[in-house]
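What follows is each chain in one-letter form.
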Amino acid sequence: MTEKIVYVHFSYDDETPTPVLEELSKSRNGSVFAGLNSAGWPGKGETRILWNDTFSGEGRNILIAGAGAKNAKDYCEIEMLNERRENARVAAGAAVNALKGLKVDKVLMELLPGCETAQAEGAHLAQWRYKETELAKMPKLIEPINGAHDDWMTGVRAAKAQNFARYLMESPANLMTPTIFCEKVTERLNPLGIKCTTHGKDFILSERMGAFWSVAKGSAEEPKLLKLEYNGPSNPSGKTICLVGKGVTFDAGGISIKPSANMDAMRADMGGAAVTVSTIYALAMAKAPGKYVALTPLAENLPSGTANKPGDVVTARNGMTIQVDNTDAEGRLLLCDTLCYACDTIKPDVIVDSATLTGAMCVATGWACAGCFTWSTDLATKLTAAGVETGDRIWRMPVFNSHKKKISPAQLADLNNTGPRWGGACNAAAYLRSFVPADGPEYAHLDIAGVMDTCPGADDPSYISKGMTGRPTRTLAEFCRAYSSSS
Ligand SMILES: N[C@@H](CS)C(=O)NCC(=O)O
Ligand SMILES: [Mg+2]
Ligand SMILES: [Zn+2]
Ligand SMILES: [Zn+2]
């Protein structure tokens, strides 16, 4: 059985070919353009396939994907991203998706100069599917048309890391419990030399993580605290970066139970943990510089006889008391203890947490970007810049003292775990900020609730198929790489 190969090339909105496509068509007596002219040249993200384009007997399957404007910018001010590279992700992803179900063994893709990494990301993010039966319908292999390319492999690794996060998030909560999460992550990361340590209930209690435990005790599933340590081959910055990720493997809301509609999506309420471990995975695969510690508190948030009750008061590791008025604001209870633990025991220079924290963040920016809450303009600038590069954007949000006042002091305790609906994401960020000393590490909180899953009925972005996204893994990895590379 001969291998079914498809050659992927690109054209632009002005119906002009890339130089490689131009050469190809000339070498085939113009047959390609003849095909395109009759089919119509593809717009951005569209594709045209010329099956068995025959010339001098040698039939070739040729797919042409639209790469948007030929003069796309390296920085589009409106979209706040590298448009040329994002167009390349979209076009490469569209080419792969167009071949679903066509039993293609190999895709050989023309590389667009300066966009090789982006093309590999778009193609391999588009290729991934959670279900084996769906994955089997996708092209088996996607490679550069002229052989190996370093920047292409950079994109392949980045997509592989994000796809691992997608796998962790998409998995049903009964098959991705705190225990299983630790097992799967250790199995995948340990072979890369990443030190993986799993702590259980006894550790959580002995470390006085009373807020974390107050959530976890409502479930029969044992909570875990997973710690990852990765040291790159060098560390020009001399800094230690600690990444923290919210790992609620199922969030039913607890006694303050969520509405039943779409509650299944809360299997991905460990998206912060997934993105965090996948960022370490990406850095290790790339042998990136830097010194990193990652911490992911993992638990289920369920209603039960042992669950938090609205109004309960719990004590965090640093002695602060918290009135749990809303048991569905549980992520901040896991995170506050973990932030204290990081500051006390790791003493990092920088902490970045990722959490599917609030519905208010989803309302604020939708699926477009993650929200960054920080007092450090330098961190905000670097995180935003990373999003411009990867196309998975981050937008700075306010976390002012006025937000802190909305949740502190509480009637019965130092802090309330919830405040008014208005500014909910900012109030949550102000809560977390209270657990990182002002003179301590530079700290940024990323609320990724809005980018946890794909937008129903839309392809935004088009190279990620319906389901959990693993966003913003590539951005967090790019931030870490850039931060640690500069002295
Ligand atoms: N799991 C998060 C995002 S859905 C959550 O339950 N947040 C509580 C809230 O009030 O937004
Ligand atoms: Mg899960
Ligand atoms: Zn919740
Ligand atoms: Zn939650």
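In this numbering scheme, every chain counts its residues from 1 along its sequence in written order. As a convention, the first chain written is A and the first ligand written is 1, with the rest following in written order. In keeping with the model being predicted, local features are shown solely for residues with a pLDDT of at least 70 and side-chain atom pairs are shown and tallied solely at 80 or more, while totals for entire chains, interfaces and linings include all residues. Where side-chain values are given, they derive from all heavy atoms of the structure, hydrogens and water being excluded.

### Side note on the UniProt feature "domain: Cytosol aminopeptidase" (unreviewed entry) in the protein chain
Okay, so step 1: UniProt positions are given in the numbering used here, feature names are shortened, and annotations may be inferred rather than shown by experiment. In the numbering used here, UniProt assigns the feature "domain: Cytosol aminopeptidase" (unreviewed entry) to residues 326-333.
Okay, so step 2: Secondary structure across residues 326-333 comprises 38% helix and 0% strand; the distance between its end C-alpha atoms is 11 Å. Per the convention used, a helix needs a DSSP run of H or I reaching at least four residues, while a strand needs a run of E reaching at least two, with both numbered from the N terminus.

### Quick look at the coordination of the zinc ion (ligand 3)
Okay, so step 1: The zinc ion (ligand 3) binds to the protein through Asp251 (OD), Asp328 (O), Asp328 (OD) and Glu330 (OE), with metal-donor distances spanning 1.8 to 2.4 Å.
Okay, so step 2: Sequence positions of the donors to the zinc ion (ligand 3) reduce to the motif D-x76-D-x1-E.
Okay, so step 3: Each metal's donors are the N, O and S atoms found within 2.8 Å of it, except that Na, K and Ca use a 3.2 Å limit; water is left out, so coordination can look incomplete. Separating the zinc ion (ligand 3) from the zinc ion (ligand 4) is a distance of 3.0 Å, and Asp251 supplies a donor atom to each of them. Of this pair, Asp251 sits in strand β9 (residues 247-251) while Glu330 sits in the loop between β12 (321-324) and α11 (331-346), and the two are 79 residues apart along the sequence. Taken as a pair, Asp251 and Glu330 share a single burial class, namely buried. Burial classification: accessible surface area is computed with a 1.4 Å probe over protein chains only, and a residue below 20% of its type maximum counts as buried, one above 50% as exposed, and the rest as partly exposed.

### Side note on the site of ligand 1
Okay, so step 1: Residues in contact with ligand 1, as listed here, are Lys246, Asp251, Lys258, Met266, Asp269, Asp328, Thr356, Leu357, Thr358 and Gly359.
Okay, so step 2: Each polar contact in these results corresponds to two N or O atoms within 3.5 Å; when the atoms are within protein, one needs to be able to donate a hydrogen and the other to accept it, and residues that are neighboring in sequence are counted only if both atoms are side-chain atoms. Here a nitrogen atom of ligand 1 sits 2.9 Å away from a polar atom, N or O, in the main chain of Leu357.
Okay, so step 3: Taking Gly359, its main chain carries an N or O atom lying 2.8 Å from an oxygen atom of ligand 1.
Okay, so step 4: What sets the accessible areas is the Shrake-Rupley method with a 1.4 Å probe; for residues, cover comes only from the shown protein chains. Taken by itself ligand 1 offers 320 Å² of open surface, and the protein chains cover 79% of this. Proximity is defined per residue: any heavy atom of the residue falling within 4 Å of a molecule or strand makes that residue near it.

### Remarks on the nonpolar core
Okay, so step 1: Only buried residues count toward a nonpolar core, which is a set of Ala, Val, Leu, Ile, Met, Phe, Trp, Tyr and Cys residues joined through side-chain atoms within 4.5 Å. One finds Leu168, Phe181, Val185, Leu189, Leu228, Ile280 and Phe479 to be the most contacted residues of the largest nonpolar core, which totals 58 residues.
Okay, so step 2: Looking at this core element by element, the count peaks at 10 residues for helix α10 (residues 271-285).
Okay, so step 3: Sequence-distant contacts of Leu168, defined by excluding residues within four places in its chain, comprise Met176, Phe181, Lys184, Val185, Met270, Ala274 and Val277.
Okay, so step 4: By size, the runner-up hydrophobic cluster in this structure holds 40 residues, among which are Phe212, Ala299, Tyr341 and Tyr431. Note on definitions: a residue-residue contact is assigned when non-hydrogen atoms from the two residues lie within 4.5 Å.

### Some points on unusual backbone geometry
Okay, so step 1: Omega for the bond connecting Ser408 with Pro409 falls within 30 degrees of zero, at 0°, which places this linkage in the cis form.
Okay, so step 2: Within the fold, Pro409 resides in the loop between α14 (401-405) and β16 (415-416).
Okay, so step 3: Of note, the amide linkage connecting Arg471 to Pro472 takes the cis form, showing an omega dihedral of 0°.
Okay, so step 4: Locating Pro472 in the fold gives a position in the loop between β17 (442-447) and α16 (473-485).
Okay, so step 5: Despite not being glycine, Glu15 has its phi angle at roughly 60°, a positive value.

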